[in-house]
Amino acid sequence: MIPTLIVAWIVFVIVWKVLKATITNALTIAAILVLLNIGFGITPQDIWHQIMQFAKTLSQVPRGK
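Numbering of residues begins from 1 in every chain and follows the order in which that chain's sequence is written. Side-chain atom pairs in this predicted model are given and counted only at pLDDT of 80 or more, local residue features only at pLDDT of at least 70, and totals for whole chains, interfaces and linings cover all residues. Side-chain numbers here rest on the full set of heavy atoms in the structure, without hydrogens or water.

J.: I would appreciate a short explanation of the overall build of the chain in the present structure.
T.: Counting its secondary structure elements, the chain contains two helices and zero strands. As defined in this context, the radius of gyration uses C-alpha atoms, and a globule is described by 2.2 Å times the residue total to the power 0.38. Its C-alpha atoms give the chain a radius of gyration of 21 Å, clearly above 11 Å, the size a compact globule of 65 residues would have. The principal-axis extents of the C-alpha atoms in the chain amount to approximately 55 × 45 × 15 Å. Burial status across the chain gives 0% buried among its 65 residues. Here the open area of atoms and residues is found with the Shrake-Rupley method and a 1.4 Å probe, where only the protein chains shown may cover a residue. Here the chain displays about 6,200 Å² of accessible surface, and carbon together with sulfur accounts for 75% of that area. Helix and strand definitions here come from DSSP, where helices need a minimum of 4 consecutive H or I residues and strands a minimum of 2 consecutive E residues; each element is numbered from the N-terminal end. A 1.4 Å probe rolled over the protein chains alone gives each residue an accessible area, and that area as a share of the maximum for its type sets the label: buried under 20%, exposed over 50%, partly exposed in between.

Below, the structure is given as structure tokens:
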């Protein structure tokens, strides 16, 4: 019984830390998006378009060996 409770507690603590980090990151990203939209008129679609353009540019860079 005691080992089961210890394992359950460890799993709970790990899950709690992961959820806390995920929520913190999500709120930070949301705040940045809102500030960019209000301050500069940059929409999430504009940001996504730039990310896609960057990925396309990276895929076209020749890799030297």
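Additional details are given in the paragraphs that follow.
J.: I keep staring at the packing of aromatic side chains and nothing clicks. Help me out?
T.: Each aromatic ring pair is described using two quantities: the centre-to-centre distance and the angle formed by the ring planes. Think of it this way: a Phe, Tyr or Trp ring, Trp meaning its six-membered ring, pairs with another when their centres are within 6.5 Å, and the plane angle makes it stacked under 30 degrees, edge-to-face over 60, tilted otherwise. Enumeration over the complete set of coordinates arrives at one aromatic pair. Geometrically, the ring pair formed by Trp9 and Phe12 is tilted, given 5.5 Å between the ring centres and 35 degrees between the ring planes. With Trp9 and Phe12 both in helix α1 (residues 2–40) and three residues apart, the pair spans about one turn of that helix. A relative accessible area of 56% means that Trp9 is categorised as exposed.

J.: How should a nonpolar patch on the surface be read in this particular structure?
T.: Exposure above 30% relative accessible area and the absence of a salt bridge qualify a residue for a patch, where like charges join within 9 Å and nonpolar side chains (Val, Leu, Ile, Met, Phe, Trp, Tyr) within 5 Å. Any Lys or Arg side-chain nitrogen found within 4 Å of a carboxyl oxygen on Asp or Glu counts as a salt bridge. The grouping of Met1, Ile2, Leu5, Ile6, Ile10, Ile14 and Val18 at the surface amounts to a nonpolar patch, some 740 Å² of accessible area in total. Summarising the element assignment, Ile14 is placed in helix α1.

Fair warning: the whole summary comes from geometry, so function is off the table for now.
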